[in-house]
Amino acid sequence: MSAFPPLTSLRSFEATARLGSVTLAAKELHVTHSAISQQIKVLEQIVGLTLFVREGRGLRISEDGRLYALQIRQALGDIADATRLIQAQPKRDELVVAVLPSFGRSWLLPRLPAFQRLYPHISIRLQATLAITNLHQESVDMAIRMGKGEWEGVEQKLLFHDEVVVVAAPHFNGGQLPRTPEQIVRSPIIYSNESWQPWCQAAGIEMSTERKGLCSNDSNLVLEAVRLGQGIALERRSLVHDAIVRGELVQLCDISAPYAYPYWLAWPPRESSESKQRVFSEWLHGQVQCYTAQLAS
């Protein structure tokens, strides 16, 4: 590390090379013009090369300086990225949970106050994402995922299996709700990514594969359109159960179909987060037990 120049010199050099002006570099770094000039001289002495050619009252970057600036800019960017990454690491009293936006909004968020009452010393930070992130590289303590499991390098626990049901707002169609499978498939449908085929098979009917009307890949948008009375939708029970209990949505018939992918809790083995992970896992398991008991009653 003896050849490592002062960081102040490197920043002054990079800013001057990028902006083409000592004055602008000084303004960006909130220092004086002479301070920038002095740092560039220090750097030139260390590397033994002329980085800028003095032309009158201005500077022109040399070819050696141009190549060096490109490398220094990349290195400073790497340092900044590394700093942001370490700053984003979960704090000792903070639990970062990656969660699907729809599941986070409809199932997890309403239950989190119970966790915060039990563990007021732990702050929850939800990171909404559809991606299967690398939990070892991301600043995440735990993740609630939907899939087949078997993710390498992480601990995982099955939460529960889901199913799909058809829902509508109570005021849809002036309160004249479709109730039979035949009436349901003839109604205005708000389509999501969920396939209607398993539900139709369970209902013993056929349905046109042509999708007309509103369609969205975001369950939150689909359910909001349903709440507004714009149509009916086939959605996962986990996303609509609480709204049905509150009377905001109505399940149109008793027919349901299994959903292909269950929910999992996954987490990277991390000694610094072990106690938080254990507490959240045990609490979430209790919430799942209460939820599944409600469905069975």
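Structure shown above.
Since this is a predicted model, take the numbers as computed values, not measurements. (Residues numbered from 1 in each chain as written. Predicted model: local features only at pLDDT ≥ 70, side-chain atom pairs only at ≥ 80, totals over all residues. Heavy atoms only, no water.)

### Some details on the packing of aromatic side chains
The condition is simple: By convention, a stacked pair of Phe, Tyr or Trp rings (six-membered ring in the case of Trp) has centres within 6.5 Å and planes under 30 degrees apart, an edge-to-face pair has planes over 60 apart, and any other such pair is tilted. Numbering goes from the N terminus for both helices and strands, where a helix is a DSSP run of H or I of at least four residues and a strand is a run of E of at least two. Relative accessible area decides the class of each residue, using a 1.4 Å probe on protein chains only: under 20% of the type maximum gives buried, over 50% gives exposed, and in between gives partly exposed.
Counting across every chain of the model gives 16 aromatic pairs. Taking the centre distance of 5.7 Å and the plane angle of 90° together, the rings of Trp107 and Tyr291 count as edge-to-face. Of this pair, Trp107 sits in helix H5 (residues 101-108) while Tyr291 sits in helix H11 (residues 274-296), and the two are 184 residues apart along the sequence. In terms of burial, Trp107 and Tyr291 fall into one category: buried.

### A short note on the layout of surface pockets
Rules: Using protein atoms alone on a 1 Å grid, points that fit a 1.4 Å probe yet trap it form a cavity, whereas open point sets bounded by protein on both sides within 12 Å along at least five of seven lines form a pocket; residues with an atom within 4 Å of a point count as lining. Grid points are joined across faces, edges and corners, and a volume is the space filled by probe spheres set on the points. Any residue that is not Ala, Val, Leu, Ile, Met, Phe, Trp, Tyr, Cys, Pro, Asp, Glu, Lys or Arg is counted as polar, Gly included; the first ten are nonpolar and the last four charged.
Its volume calculated, the largest pocket comes out at about 320 Å³. What lines the largest pocket is a set of 14 residues, among which Leu130, Asn193, Asn217, Ser219 and Arg236 lie closest to the centre. At the level of elements, H5 and helix H9 (219-227) are the ones that each hand at least two residues to the lining of the largest pocket. A class-by-class count of the residues in the lining of the largest pocket yields five nonpolar, six polar and three charged.

### Some words on the nonpolar core
To be explicit about the condition: Among buried residues, those of type Ala, Val, Leu, Ile, Met, Phe, Trp, Tyr and Cys that are joined through side-chain atoms within 4.5 Å constitute a nonpolar core. By definition, residues are in contact when any of their heavy atoms lie within 4.5 Å.
Core analysis: the largest hydrophobic core is formed by 36 residues, its most contacted members being Phe103, Leu108, Ile144, Phe280 and Leu284. Beyond its immediate stretch of four places on either side in the chain, Leu108 contacts Val99, Phe103, Leu126, Ile144, Trp283 and Leu284. Core analysis: the second largest hydrophobic core is formed by 21 residues, Val164, Val166, Leu177 and Trp196 among them.

### Concerning the environment of Asp254
Along the chain, the position of Asp254 falls in the loop between strand E9 (250-251) and strand E10 (257-258). Residue classification places Asp254 among the exposed positions, given a relative accessible area of 77%. As for Asp254 and Arg179, which are separated by 75 residues in sequence, their C-alpha atoms are 9.3 Å apart.

### Some remarks on helix H1 (residues 7-19)
Where we set the bar: In this analysis, the expected span of each helix is defined as 1.5 Å times one less than the number of residues it contains.
Given a rise of 1.5 Å per residue, 13 residues ought to cover 18 Å, and the 18 Å separating the end C-alpha atoms of H1 matches this to within 8%. One or two residues past the end of H1 sits Gly20, with phi positive at roughly 70°.

### As for the pairing of strand E7 (residues 163-168)
Looking along a regular strand, one sees side chains alternate from face to face of the sheet. For clarity, the cut-off: The criterion for strand pairing is that DSSP finds at least two bridges linking the strands in question.
Within E7, five of the six residues are buried, which leaves the element mostly enclosed by the surrounding structure. Both E7 and E10 contribute to a ladder of two bridges, which runs antiparallel. Looking at the pairing, Val164 lines up with Ala257 of E10. Bridge analysis of E7 against strand E8 (residues 233-236) gives four bridges, and the strand direction is antiparallel. Bridging across to E8, Val166 finds its partner in Leu234. In the sheet, E7 pairs with E9 via two bridges, with the strands oriented antiparallel. Across the sheet, Ala168 pairs through a bridge with Val250, a residue of E9.

### Here's the deal with the pattern of salt bridges
For clarity, the threshold we go by: Salt bridges are defined as contacts in which a side-chain nitrogen from Lys or Arg sits within 4 Å of a carboxyl oxygen from Asp or Glu.
Counted according to the given criterion, the structure contains 13 salt bridges. Across the salt bridge formed by Glu14 and Arg18, the nearest N and O atoms sit 2.8 Å from each other. Of this pair, Glu14 and Arg18 both sit in helix H1, four residues apart, which is roughly one turn of the helix. Judged by relative accessible area, Glu14 falls into the buried class, the value being 8%. Salt bridges sharing common partners tie together Glu14, Arg18, Glu28 and Arg73.

In short, geometric facts, not functional conclusions.
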